[in-house]
Amino acid sequence: MVLSGAEQSHYFELRTLRRADNSLASTNKEKADILAEELSDVFKPHFIPTPASHTSLVMESLQSTIPMALPTKPTSPVELVSIIKKLANNKPPGHNLISNSRQNFASQEQLGLPTESLIQSCKTRWNSIFMMLDRLYKNRCPISNVLADRSMTTAAMAHKFEVTEHQWTDVETLIKLLKPLQIMTTVFCGEKYCSSSMVRPLLNAVIQKHLKHDISDDEISEHFKTTVIRELSDRFKLLWCPSSVVTARQIASFLDPRFKDLEHEPVEAREEIRTRVKNLINEVAEISCDVQIESPVTKHHGALEFLFGDEVNSNTSDSDVQYQNYLAEPQLKFDFDALEWWKTRASKYPLIVELAKKYLGIPATSVSSERCFSTAGNIVTAKRSCLAPETVNMLVFLYQNKQLL
């Protein structure tokens, strides 16, 4: 906007800075005080009376919990993926301020929560998204307290790191959906029990009991369950077709007395698995016969064994008898120790136990080997780089088996 000369003189003309007695102001402070008085006379705010009823209504709305319970804005799966990527690629909201700040730890103690930092997602670490969201949701109140503290965060920073109410709802939904997968993968990573035999039974249990579609599922849950079920079924070949091949996991499940009835497998796959195991038992029996022929005759250790000969245990060398007896065994509950069960029945099923040792000893994941490499990396450091290979091998062995010492 261009002003004319008269308008410019009207806007920019100020009276001479004089005192009340019409004398000129000499110091800068006097000039500033006179100018401030002039401006206060020109720019007077308009007074708008506010009814008391309106003020009480606003305060009641601010203090009420009803707005927090209103239906939240729905989030599409695409938006949800973008939220997770945002949290994964960057540090969690207010991570630098909240994670390791004394104010956050003090807020956690006041709320009765353990003093813990936030967790950042890592693409190469299993369940890191679940752990990040779970830790974030558990510390929701301390995070809000720190973001509301203007001595730590500015208004702009608090607005940038703010997590809206419908995003908190989405995080809570994701935690419920991811928790069964986190527990399942943790079980697969165990080293003190046979894990390969549990892969297919646990996958089936998670799909049937935790990922089953429900009429109350929102769009996020529906999309998540459909995607996970499809990916798990394709990755582990849970569906049986005429061209399917019996895998080591299926054989391990049959050799595990907790899952020997194969209730988790399709009906058409069960007979194929049993037939495959029976053929393997026959192969072990043939190898065992060849070994017995080549080995020298063993002496009898007792009078009854000498008198009865091998009549008492004559059936144990028959592969068909062992197979049928194993099928007749009752299936154990899932919380029994399968390895201990085989240990007490090694003499009853000498042929099948050889298969059990082979297939139940297969780890379900590569976590055990990765832990071993991590242990070696912690032992062979820059200051211990001259250790002999035999010494490193022994140190790793002792560390990995220290619970047995």
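Residues numbered from 1 in each chain as written. Predicted model: local features only at pLDDT ≥ 70, side-chain atom pairs only at ≥ 80, totals over all residues. Heavy atoms only, no water.

A.B. asks: Can you tell me about the overall build of the protein chain, naming the residues and giving the values?
C.D. replies: Secondary structure summary: the protein chain contains 21 helices and zero strands in total. Looking at the protein chain as a whole, 31% of its 405 residues are labelled buried. Long-range contacts, defined here as pairs at least 24 residues apart, represent 64% of the contacts in the protein chain between residues at least 6 apart. Carbon and sulfur atoms form 58% of the exposed surface of the protein chain, whose accessible area is close to 27,900 Å². (Helix = DSSP H or I, 4+ residues; strand = E, 2+ residues; numbered from the N terminus. Buried < 20%, exposed > 50% of the residue type's maximum accessible area, 1.4 Å probe, protein only. Contact = heavy atoms within 4.5 Å. Areas by Shrake-Rupley, 256 points an atom, 1.4 Å probe, with all protein chains shown as cover.)

A.B. asks: Tell me what's going on with the confidence of the model for the protein chain, and back it up with residues and numbers.
C.D. replies: Summarising the model, the protein chain shows a mean pLDDT of 77, and 71% of its residues fall at 70 or more. Mean pLDDT in the protein chain bottoms out at helix α4 (residues 66–69), which sits at 39, and peaks at helix α14 (residues 248–255), which reaches 95. For the stretch residues 7–14, pLDDT sits under 50, and the model shows five contacts to residues farther than four places along the chain or on other chains. Long-range and interchain partners of residues 50–71, a stretch whose pLDDT sits below 50, account for four contacts in this model, where long-range means more than four residues apart. (pLDDT = per-residue confidence, 0-100.)

A.B. asks: Got a sec to walk through the pattern of salt bridges? Specific residues and values, please.
C.D. replies: A complete count under the given rule lists 12 salt bridges for this structure. With a closest N to O distance of 3.0 Å, D217 and K225 form a salt bridge. Here D217 matches K225 in class, with each residue buried. (Salt bridge = Lys/Arg side-chain N within 4 Å of Asp/Glu carboxyl O.)

A.B. asks: Run through the nonpolar core, naming residues and quoting values.
C.D. replies: Ranked by internal contacts, the top residues of the largest apolar core, which has 29 residues, are F254, L255, V277, W342 and L355. Formed by 21 residues, the second largest nonpolar core is a distinct cluster that contains F130, M132, V171 and I175. (Core = buried A, V, L, I, M, F, W, Y, C linked by side-chain atoms within 4.5 Å.)

A.B. asks: Summarise helix α9 (residues 140–148); cite the residues concerned and give the values.
C.D. replies: Note on helix geometry: an α-helix contains 3.6 residues per turn, so any two residues three or four positions apart are oriented the same way. Those residues of α9 that fall on the buried side of the exposure criterion are P142, I143, V146 and L147. Take α9 and look down its axis: the buried residues cluster within an arc of 130°, on one side only. (Arc of directions from axis to C-beta.)

A.B. asks: Give a detailed account of the packing of aromatic side chains, specifying residues and quantitative values.
C.D. replies: As enumerated under the stated definition, the model contains nine aromatic pairs in all. Relative to Y323, the ring of F254 has its centre 6.4 Å away and its plane inclined at 35°; by these criteria the two rings are tilted. One end of the pair, F254, is in helix α14; the other, Y323, is in helix α17 (residues 319–328), with 69 residues separating them in the sequence. Of the residues examined, F254 reaches a relative accessible area of 1% and is grouped as buried. On the accessibility criterion, Y323 (6% relative accessible area) is buried. (Phe/Tyr/Trp six-rings, centres within 6.5 Å; stacked < 30°, edge-to-face > 60°.)

A.B. asks: Quick one: what's the story with helix α20 (residues 367–379), residue by residue and with numbers?
C.D. replies: Between its terminal C-alpha atoms α20 stretches 18 Å, which fits the 18 Å expected from 13 residues at 1.5 Å a residue. For α20, the secondary structure elements touched by its buried residues are α21 (389–400). (Expected span 1.5 Å × (residues − 1).)

A.B. asks: I'd like to hear about the packing of α17 against helix α19 (residues 350–360), residue by residue, with values.
C.D. replies: Two elements in contact, α17 and α19, have axes whose closest approach is 8 Å; the angle formed by their N-to-C orientations is 70°. On the basis of their axis angle, the class for α17 and α19 is roughly perpendicular. Listed contacts from α19 to S319, Q322, Y323 and Y326 of α17 are P350, L351 and I352. Grouping the amino acids of the contact of α17 with α19 by side-chain chemistry returns five nonpolar, two polar and no charged. (Axes fitted to C-alpha atoms, helices over the stretch in contact; angles between N-to-C directions. Parallel < 35°, antiparallel > 145°, perpendicular 65-115°, else oblique. Nonpolar A, V, L, I, M, F, W, Y, C, P; charged D, E, K, R; others polar.)

A.B. asks: Please set out the packing of helix α11 (residues 165–188) against helix α12 (residues 199–209) residue by residue, giving values where relevant.
C.D. replies: Contact geometry of α11 with α12 gives a least axis separation of 11 Å together with a crossing angle of 170°. By the angle class used here, α11 and α12 are roughly antiparallel. Along its contact with α11, which presents P180, L181, M184, V187 and F188, the element α12 presents V199, L202, L203 and V206. Grouping the amino acids of the contact of α11 with α12 by side-chain chemistry returns nine nonpolar, no polar and no charged.

A.B. asks: So what about unusual backbone geometry? Which residues, and what values?
C.D. replies: The residue K237 is not glycine, and still its phi comes out positive at about 50°. Mapped onto the elements, K237 comes out in the loop between α13 (219–236) and α14. Residue K237 is classed as exposed on the basis of its relative accessible area of 59%. Phi is positive for L262, close to 55°, though the residue is something other than glycine. Among the structural elements, L262 can be located in the loop between α14 and α15 (267–294).

A.B. asks: Any chance you could break down the environment of T375 for me, citing the residues and the numbers?
C.D. replies: Position of T375 among the secondary structure elements: in helix α20. Taking the C-alpha atoms as reference, T375 lies 9.2 Å from L395; in sequence the two are 20 residues apart. Sequence-distant contacts of T375, defined by excluding residues within four places in its chain, comprise Y399 and Q400.

A.B. asks: Residues and numbers for the environment of V267, please.
C.D. replies: Among the structural elements, V267 can be located in helix α15. Counting along the chain gives 27 residues from V267 to W240, while the straight-line C-alpha distance between them is 9.0 Å.

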